[in-house]
Amino acid sequence: MSITRDIERYAGLFAARTKVMTSSTMRDLMAITARPEVISLAGGLPDTSTFPPDTFAAVTQRIATESCAKALQYGPTDGLEGTKDCIAQVMGAEDMQVDPEDMVVTSGGQQVIDLVAKTLIDPGDVVIAEGPTYPGAVPTFSSYQADVVQIDMDADGMRVDLLEAQLERLEREGRRPKFIYTVPTFQNPAGVTMSAPRRRRLVEVAHERELLVLEDNPYGLLRYEGDRLPPIYALDGGVYVMYLGTFSKILSPGIRLGWAMDPPPVLERINLGKQAADLCTSTLSQLMVQAYFAQGRWRDYVESLTELYRDRRDTMLDALAEHFPPQAEWTRPGGGLFIWVTLPDFIDTTDLLARALRENVAFVPGEAAYLDGRGRSSMRLNFSGCADDELREGIRRIGEVITEQVALYGTLTGEESRRPAAAGGPSEVPGAQVLPMPSRAERERRATP
Amino acid sequence: MSRVAVLKGGRSLERQVSLRSGARVQDALERLGHEVVAIDAGTDLIRLLWDAAPEVAFVAMHGRDGEDGTVQELLEILGIPYTGSGVLACIRAMDKVLAKHLMLETGIPTPEFFAFNETAFRQLGAADALQAIEERLDFPIVVKPAGQGSALGIKFAAAAADVPGALVAAFSYDDKVLLERHVAGRDLAVSILDGEPLPVVEAVPQGEDFYDFESRYEIGRTSFVCPAELPAGAGERAHELALRTYRLLGCYGFARVDLMLDEGGELYVLEANPIPGLTETSLLPQAAEAAGTGFDELVGRILDLAFSRLATP
């Protein structure tokens, strides 16, 4: 057993794709966010303590009684029919009518990203993503050696005009992106939602240029306000848009169940990749979902989560307004799990995390959401995984260290540091700091007098 | 054969490196036939040490707590012999400002520097002195937290406008920071085992003409040459300076001293690390290997020295 730890015995065997691209500093820091005394706003965890244990017991009892042998057996690679019916219900709740033939049940949504990348990307191929993008997709794209081009966002999601300009540029270079990866609704990490006109334009662009889009939609049903927007998949009808769904945020991440909808020729390849990866998705997990859906109350549970997370979002937004200095800006998500905060350029959030960890609080530094070193003054905050008092205390501690750094910078540059919101009391104009995510252009405009 | 507690992990920012160092030390100790108890240093450290009742502790912790004298002090209180430097040497070495002042005093060349704590800026108007400092040191200037063992928080200010941001970043890691004249040249490290210098290791940044400060510290972006190919006399001089630093700080058992060799052939000592990394890519094990001392033998000797310190008061 001893020799297995000696990396040099194996180092020469590792594939180039294993060289992940996150900075070693951040890896070291993130590793200590898991300490129990740390209030972690870094995760993306749903609050599974809200799931009724009685329901869990009833579900497992029913499987044991009615389908024990089946639950313990392999299943079809693309998933059980009964699971697909449940998925059709979930997608129906967002007004998508689907054909189970176009569906594959996967081991979580993450497997969809992996399978799509595996199916479409050769080393050096271009993938388009939002900037910032889902931090969990970063190592996946890196491991397939994709050249990821990130498109800036604003309060209305991905700037499709910038996307088009980028596509023009790539075309001139003779490069055709393999797919466009987007989380259009309550984006992870930015918390913003792509507007309806941009969704329509994105679908037009995909059709005009014959480009695939991967729509990642884990949070669509976790809407806390406003009207539902049509998923891009629904606008396109499944021609160029691939869809990624998951039970992780509406039921449980522990059961590892997700799905993909793909055009049939793509689906065929994805199924081959899936077969090579794990033969089939856990039959036991699929039967648990089926038994749970048979009770007919899954939407009630989603509704209860929505109410809980709405309150937590409000708690975090209130705490941000109270404790963060006026130089900070953040998004105001209408759903989902995350708020994206942007600080003045002179604060590096990876270094700030080191300082925050001394106060036993953690967040995700913005650089985790970029593959090109940007995002260094931003951070992702999660509000679903902690109770209200922890959220408030966590934000208070982060606010304190930011305020400290802003004041120090003011002292160092000789600028009169602008007075932060009075500590301990609500800011004078509630909500005044709740700004839409600034686009780069807006930032530059504001920076130049 | 002894009952050895391997202390690793802890709350430091270098926890991950320490876990790797510790795991490797455990394996080596087991191969050497010792009975090993691994302890991830946390709030129950003392209780775990009482329960384990080891004959000796192998401290494989880096950075805060493990390398700054804190754990050494606790082991002194418990009366458990331990590997490596004692409390005073750890305090001196981990505080780069203190170490550099001691070097200056004894004529060991170290890059010119100025150090401040946050109070100086917040309450004594030290910001007004920045311009004078910048004139004295010339750009680029290196900004470092005083008490961080690894490259964490080290920033490179190419111009005056970069200095405030670099200071804010460095203060994220420590209440005291130093601004240091940047020595352009070759990165050298001299490891010392039982008072004897090991072959010099040179860290060579990858990439052709592009000289990038960060690349020195990013894994995979730096390659190591050991023994380093140096101009005549430079290796001996590096050995001499490293050994003088080791003795000056009162290090014991082992340590690693980092130096720069500038374009004019001058050597400067940057810092000393009382518990350098012991992972598969770390410099001390590489240097020992180059001197014909394998990892198991290295670990065995470090352990033996913990006992012989007891014999020599």
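Residues numbered from 1 in each chain as written. Chains lettered and ligands numbered in written order. Predicted model: local features only at pLDDT ≥ 70, side-chain atom pairs only at ≥ 80, totals over all residues.

### Digging into the overall build of chain A
Within chain A, the regular secondary structure consists of 15 helices and 14 strands. The buried share of chain A, reckoned over its 449 residues, is 48%. Within chain A, counting contacts between residues at least 6 apart in sequence, those at least 24 apart form 77% of the total. (Helix = DSSP H or I, 4+ residues; strand = E, 2+ residues; numbered from the N terminus. Buried ≥ 20, exposed ≤ 12 C-beta atoms within 10 Å, placed from the backbone. Contact = placed C-beta atoms within 7 Å.)

### A look at the overall build of chain B
A count of helices and strands for chain B gives eleven helices and 13 strands. For chain B, the C-alpha atoms occupy an extent of roughly 60 × 50 × 35 Å along the three principal directions. Of all 313 residues assigned to chain B, the portion counted as buried reaches 49%.

### Brief notes about the sheet that holds strand E13 (residues 364–365) of chain A
Backbone hydrogen bonds hold the strands of a sheet together, and the pairing may be parallel or antiparallel. Residues and elements named next belong to chain A. Reading across from one edge, E10-E11-E14-E13 is the order of the four strands in this open sheet, with antiparallel pairing throughout. Strands with a single pairing partner mark the edges of an open sheet, and in this sheet they are strand E10 (329–330) and E13. In this sheet, strand E11 (residues 338–342) lies alongside E10 in antiparallel orientation, the contact comprising two bridges. Within E11, the residue paired with Glu329 across the bridge is Thr342. (Pairing = 2+ DSSP bridges.)

### A word on the sheet that holds strand E2 (residues 35–40) of chain B
Residue and element names in this part refer to chain B. An order of E2-E1-E3 is seen for the three strands of this open sheet, with the pairing classed as parallel. Edge positions in the sheet fall to E2 and strand E3 (56–59), since each of these pairs with one other strand and no more. If you compare each strand with its neighbour and ignore which way they point, the axes differ by 25° on average. The pairing of strand E1 (residues 3–8) with E3 spans four bridges and is parallel. Bridge assignment links Val6 to a residue of E3, and that residue is Phe58. Against the sheet, helix H2 (residues 45–52) contacts E1 and E2, and its axis sits at roughly 170° relative to E2. (Axes fitted to C-alpha atoms, helices over the stretch in contact; angles between N-to-C directions.)

### Things to note about the packing of helix H2 (residues 53–66) of chain A against helix H11 (residues 283–294) of chain A
Residues and elements named next belong to chain A. Packing of H2 against H11 brings their axes to within 9 Å, and their N-to-C directions diverge by 115°. Classified by the angle their axes make, H2 and H11 are roughly perpendicular. Crossing handedness for the pair H2 and H11: right-handed. Residues Val59, Arg62 and Ile63 of H2 form the contact with H11, whose own contacting residues are Leu287, Met288, Ala291 and Tyr292. Grouping the amino acids of the contact of H2 with H11 by side-chain chemistry returns six nonpolar, no polar and one charged. (Parallel < 35°, antiparallel > 145°, perpendicular 65-115°, else oblique. Left-handed = near helix turned anticlockwise from the far one by under 90°. Nonpolar A, V, L, I, M, F, W, Y, C, P; charged D, E, K, R; others polar.)

### Regarding the pairing of E1(B)
Across the six residues of E1(B), five count as buried, placing the element largely inside the fold. Note that the unit made of E1(B), helix H1 (residues 15–31) of chain B and E2(B) has a crossover that is right-handed. (Right-handed = clockwise from strand over helix to strand, strands pointing away.)

### Thoughts on the packing of helix H14 (residues 388–413) of chain A against helix H8 (residues 163–171) of chain B
Two numbers describe how H14(A) lies on H8(B): the axes approach to 9 Å, and their chain directions differ by 145°. You can see that H14(A) and H8(B) cross each other, and the crossing is right-handed. Of H8(B), the residues touching H14(A) (which contributes A:Gln405, A:Leu408, A:Tyr409, A:Leu412 and A:Thr413) are B:Pro164, B:Leu167, B:Val168 and B:Phe171. By residue class, the composition of the contact of H14(A) with H8(B) is seven nonpolar, two polar and no charged.

### Section: the nonpolar core
A:Val116, A:Val213 and A:Phe363 are the most contacted members of the largest nonpolar core, which totals 147 residues. Looking at this core, the element that brings in the most residues is H14(A), giving nine residues. With 66 residues, the next largest nonpolar core counts B:Leu7, B:Leu49, B:Ala93 and B:Met94 among its residues. (Core = buried A, V, L, I, M, F, W, Y, C linked by C-beta atoms within 7 Å.)

### What to know about the environment of A:Cys68
Mapped onto the secondary structure, A:Cys68 falls in helix H3 (residues 68–71). Measuring from C-alpha to C-alpha, the distance between A:Cys68 and A:Leu284 comes to 8.9 Å, with 216 residues separating the pair along the chain.

### Overview of the domain arrangement of chain A
One widely used convention gives an interface's size as the accessible area the parts lose upon coming together. Residues and elements named next belong to chain A. We note that the domain assignment places domain 1 (18–44 + 301–412) and domain 2 (53–294) within chain A. Centre-to-centre separation of domain 1 and domain 2, based on C-alpha positions: 26 Å. Facing the 28 residues of domain 1 at the interface are 25 residues of domain 2. Among the secondary structure elements, those contributing two or more residues to the side of domain 1 that touches domain 2 are helix H12 (298–323) and E11. Across the side of domain 1 that touches domain 2, the residue classes tally to 15 nonpolar, eight polar and five charged. (Domains from an automatic or database assignment.)

### Some words on helix H13 (residues 349–358) of chain A
Since the α-helix advances by 3.6 residues per turn, residues separated by three or four positions end up pointing in the same direction. Residues and elements named next belong to chain A. By the criterion of burial, H13 is predominantly enclosed, with nine of the ten residues buried. Within H13, the full set of buried residues consists of Thr349, Thr350, Asp351, Leu352, Leu353, Ala354, Arg355, Ala356 and Leu357. Two residues or fewer past H13, Asn360 is found with a positive phi of approximately 60°.

### Here we look at the environment of A:Asn271
Residue and element names in this part refer to chain A. For Asn271, the position within the fold is in helix H10 (residues 264–278). On the basis of neighbour count, Asn271 is assigned to the partly exposed category, with 19 C-beta atoms found within 10 Å. Distance in space between the C-alpha atoms of Asn271 and Thr119 is 9.6 Å, their sequence separation being 152 residues.

### A word on the environment of B:Glu76
With respect to the helices, strands and loops of the structure, B:Glu76 is situated in helix H3 (residues 70–78). Considering only alpha carbons, one finds B:Glu76 and B:Gly86, ten residues apart in sequence, at a separation of 8.9 Å.

### Concerning the confidence of the model for chain A
Low pLDDT marks regions whose predicted coordinates should not be analysed in detail. Residues and elements named next belong to chain A. Per-residue confidence for chain A gives a mean pLDDT of 89, with 88% of residues at or over 70. Below a pLDDT of 50 lies the segment residues 1–5, which in the model reaches seven contacts outside its immediate sequence neighbourhood of four places, other chains included. Ignoring residues within four places in sequence, the model shows residues 417–449, a span with pLDDT below 50, making 47 contacts including any to other chains. (pLDDT = per-residue confidence, 0-100.)

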